[in-house]
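What follows is each chain in one-letter form.
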Number of protein chains: 2
Amino acid sequence: MDEDLAEITLSAERLYKGKIIDLELSEVRLPNGRTARREAVRHPGGAAVLLVKDGMVLMERQFRFPYGKVIWEIPAGKLNSGEDPCSAALRELEEETGWRAKKLERLAEIYPSPGYTDEIIYIFFATEAEFSRQHPDDDEFVNCRFIDIDECIAMCENGEISDAKTLVALYKYVYDRNKKKGP
Amino acid sequence: MDEDLAEITLSAERLYKGKIIDLELSEVRLPNGRTARREAVRHPGGAAVLLVKDGMVLMERQFRFPYGKVIWEIPAGKLNSGEDPCSAALRELEEETGWRAKKLERLAEIYPSPGYTDEIIYIFFATEAEFSRQHPDDDEFVNCRFIDIDECIAMCENGEISDAKTLVALYKYVYDRNKKKGP
């Protein structure tokens, strides 16, 4: 279905090759036969972890340059070249927070902003975990703390948490928990 | 709190000025006194609408160039220069779907991928709506249909819906609905 919607790429030019993202400008053939330009950010993909321990969620405070402020997020990072999302999730969790998870389950895969980026964020759910030691990247500064799951949801509801992957992870976790409980 | 995390911008250079996004490369002073480079996509912000009518959600099929495929999303679009998010939401809803909402409520504001973009997506909840006529942009092709809210949630759970704003809107809607019902 929806074959009437597809665009055909006529040409693509890389305008920028960066550390986290590349930028491409393409020309496409539209469904009506006309042409248009499309801007696309190319990103290797990200992995994120919702770690829940005794009803508490491991949350991070991190300064995010594009917004110029510190925000709340679950631990996450970008995939290295050729790295599978599960390994990246375990690696980023340990690097940023010092927590080593023994078991990961797939929670969701999300497209953060499909109008201009090809990033996929793979979100995992971790339960069994033990503390090892934090060793973040040279240019990464992160404060971690455990917050009660219901307080996290209250922070989603009142707008304190705005990060998309964190909102999806928390609302989906609560949805699944309520479903298990039954009506 | 978390003053220890802030980065100070030393210089910023615009590398690209585009139709939907701009790209900036900046140099920052890190909390440890060293410097680092930061890539930032500048975006005017987006507005999205969860329209629920008789238990059905207005969903769209749209080809998304960065992923090279058609995906499910709630109606959304970018803010025009100086436009307030609520007006943009009403305008995009009507342009893309032909539905005119009489009443909007704030549902959430989300940061799609805070590592490299400054986009904010303002999500609204619309109830009272009537059909007018569809008049999408020249380069925009969209198929709309109403889908039962519980089927939408099933599509979130099985991975058919991956768009972040749509996931947040649907899971939050169900969370709020369950909360109203009580335990």
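On a predicted model such as this, the values are computed, not experimentally measured, just so you know.

**Q** So what exactly am I meant to see when it comes to the overall build of chain A here?
**A** Looking only at helices and strands, one finds three helices and 12 strands in chain A. Principal-axis analysis of the C-alpha atoms gives chain A an extent of 55 × 45 × 30 Å. Expressed as a percentage of the 183 residues in chain A, the buried residues total 57%. Nonlocal contacts in chain A, meaning residues at least 24 apart in sequence, comprise 57% of its contacts between residues at least 6 apart. Of the charged side chains in chain A, 26 are positive and 35 negative, and the gap between their average positions amounts to 1 Å.

**Q** Mind showing me how you'd approach the relation of the copies chain A and chain B here?
**A** Mapping one chain copy onto the other needs a rotation about an axis and a shift along that axis. Turning chain A through 180° and shifting it by 0.0 Å along the axis lays it on chain B, with an RMSD of 0.0 Å. Interpreted geometrically, this transformation is the action of a two-fold axis. Considering only C-alpha atoms, the residue of chain A closest to the rotation axis is proline 112 of chain A, which sits at 2.4 Å. The share of interface residues of chain A whose copies in chain B are also at the interface is 100%, consistent with both copies meeting through the same surface.

**Q** What is the right way to look at the pattern of salt bridges in this model?
**A** Charged atoms that come close allow side chains of opposite charge to pair. Residues and elements named next belong to chain B. Applying the stated criterion across every chain, the model contains 38 salt bridges over all chains. The salt bridge partner of lysine 165 is aspartate 163, with a shortest N-O separation of 2.9 Å. A residue is classified by how much of its surface remains accessible, and lysine 165, at 5% relative accessible area, is buried. Residue class for aspartate 163 comes out buried when judged on its relative accessible area of 0%.

**Q** I'm lost on the interface of chain A and chain B in this one. Help?
**A** One widely used convention gives an interface's size as the accessible area the parts lose upon coming together. Listed per partner, the contact involves 74 residues of chain A and 74 residues of chain B. Both faces combined, the contact of chain A with chain B buries some 6,600 Å², and carbon together with sulfur accounts for 61% of it. Summed over the three residues of chain A that lose the most area to chain B, namely Phe65, Tyr67 and Tyr111 of chain A, the buried surface amounts to 12% of that side. In this structure, aspartate 139 of chain B and arginine 38 of chain A form a salt bridge, with 3.1 Å as the shortest nitrogen-oxygen distance. Ranked by residue count, the leading element in the side of chain A that touches chain B is helix 3 (residues 164–181) of chain A, at 10 residues. Residues belonging to the side of chain A that touches chain B are distributed by class as follows: 38 nonpolar, 12 polar and 24 charged.

**Q** Explanation requested: the nonpolar core in the structure shown.
**A** Residues Leu50, Ile123 and Leu170 of chain A together with Leu50, Ile123 and Leu170 of chain B are the most contacted members of the largest nonpolar core, which totals 60 residues. Residues within four places of isoleucine 123 of chain A in sequence aside, it is in contact with Ala48, Ile74, Glu105, Arg106, Leu107, Ala108, Ile110, Lys165, Val168 and Ala169 of chain A. Membership of the second largest hydrophobic core comes to 15 residues, among which are Val49, Leu58, Ala126 and Ala129 of chain B.

**Q** Please explain the packing of aromatic side chains as it appears in this structure.
**A** What characterises a pair of aromatic rings is the spacing of the ring centres plus the angle enclosed by the ring planes. Residue and element names in this part refer to chain A. For the structure on display, the rule yields 10 aromatic pairs over all chains. Summarising the aromatic geometry, the rings of tryptophan 99 and phenylalanine 146 are spaced 5.3 Å apart at their centres and angled 85° between planes, so their arrangement reads as edge-to-face. Residue tryptophan 99 is located in strand 8 (residues 99–101), and its partner phenylalanine 146 is located in strand 12 (residues 142–148); the two are separated by 47 residues in the primary sequence. Through successive ring pairs, a cluster of aromatic residues spans Trp99, Phe131 and Phe146.

**Q** Looking at this model, I keep getting lost on the confidence of the model for chain A. Mind explaining?
**A** Residues shown with low pLDDT carry predicted positions that ought not to be read at fine detail. Residue-level pLDDT values for chain A average 95, and 99% of them are 70 or greater. ipTM for the predicted complex: 0.96, alongside a pTM of 0.97.

**Q** Is there a simple way to think about the pairing of strand 3 (residues 35–42) of chain B in this case?
**A** Residues and elements named next belong to chain B. Pairing of strand 2 (residues 22–29) with strand 3 involves eight bridges; the strand directions are antiparallel. Note that in strand 3 the partner of arginine 29 across the bridge is threonine 35. Where strand 2 folds back onto strand 3 in an antiparallel hairpin, the turn is made up of five residues, including glycine 33, whose phi is positive at roughly 95°.

**Q** What is the right way to look at the sheet that holds strand 2 of chain B in this model?
**A** Residues and elements named next belong to chain B. The strand order across the open sheet formed by three strands is 1-2-3, and the pairing between neighbours is antiparallel. In the strand order of this sheet, the two ends are held by strand 1 (8–17) and strand 3, each with one partner. Here the average twist between neighbouring strands, direction ignored, is 20°.

**Q** Looking at this structure, how should I read the environment of leucine 10 of chain B?
**A** Residue and element names in this part refer to chain B. Structurally, leucine 10 can be placed in strand 1. Using a relative accessible area of 40% as the deciding quantity, one classes leucine 10 as partly exposed. Separated by 19 residues in sequence, leucine 10 and arginine 29 place their C-alpha atoms 6.7 Å apart. Ignoring sequence-local partners within four residues, the contact set of leucine 10 consists of Glu27, Val28, Arg29 and Thr35.

**Q** Explain the pairing of strand 2 of chain B here, please?
**A** The two faces of a sheet get side chains in turn, since along a regular strand they alternate between them. Residue and element names in this part refer to chain B. Pairing between strand 1 and strand 2: eight bridges, direction antiparallel. Looking at the pairing, tyrosine 16 lines up with leucine 23 of strand 2. A loop of four residues connects strand 1 with strand 2, the two strands running antiparallel in sequence.

**Q** Got a minute to help me understand unusual backbone geometry in this structure?
**A** Phi is mostly negative for residues that are not glycine, and the peptide bonds are mostly trans. Even without being a glycine, aspartate 54 of chain A presents a positive backbone phi close to 50°. With respect to the element layout, aspartate 54 of chain A can be found in the loop between strand 4 (46–53) and strand 5 (56–64).

Cut-offs applied
- Residues numbered from 1 in each chain as written.
- Chains lettered and ligands numbered in written order.
- Predicted model: local features only at pLDDT ≥ 70, side-chain atom pairs only at ≥ 80, totals over all residues.
- Heavy atoms only, no water.
- Helix = DSSP H or I, 4+ residues; strand = E, 2+ residues; numbered from the N terminus.
- Buried < 20%, exposed > 50% of the residue type's maximum accessible area, 1.4 Å probe, protein only.
- Contact = heavy atoms within 4.5 Å.
- Lys, Arg positive; Asp, Glu negative; His and termini not counted.
- Charge placed at Lys NZ, Arg CZ, Asp CG, Glu CD.
- Least-squares fit on C-alpha atoms with pLDDT ≥ 70 in both.
- Salt bridge = Lys/Arg side-chain N within 4 Å of Asp/Glu carboxyl O.
- Buried area = accessible area lost by both parts, 1.4 Å probe.
- Nonpolar A, V, L, I, M, F, W, Y, C, P; charged D, E, K, R; others polar.
- Core = buried A, V, L, I, M, F, W, Y, C linked by side-chain atoms within 4.5 Å.
- Phe/Tyr/Trp six-rings, centres within 6.5 Å; stacked < 30°, edge-to-face > 60°.
- pLDDT = per-residue confidence, 0-100.
- Pairing = 2+ DSSP bridges.
- Axes fitted to C-alpha atoms, helices over the stretch in contact; angles between N-to-C directions.

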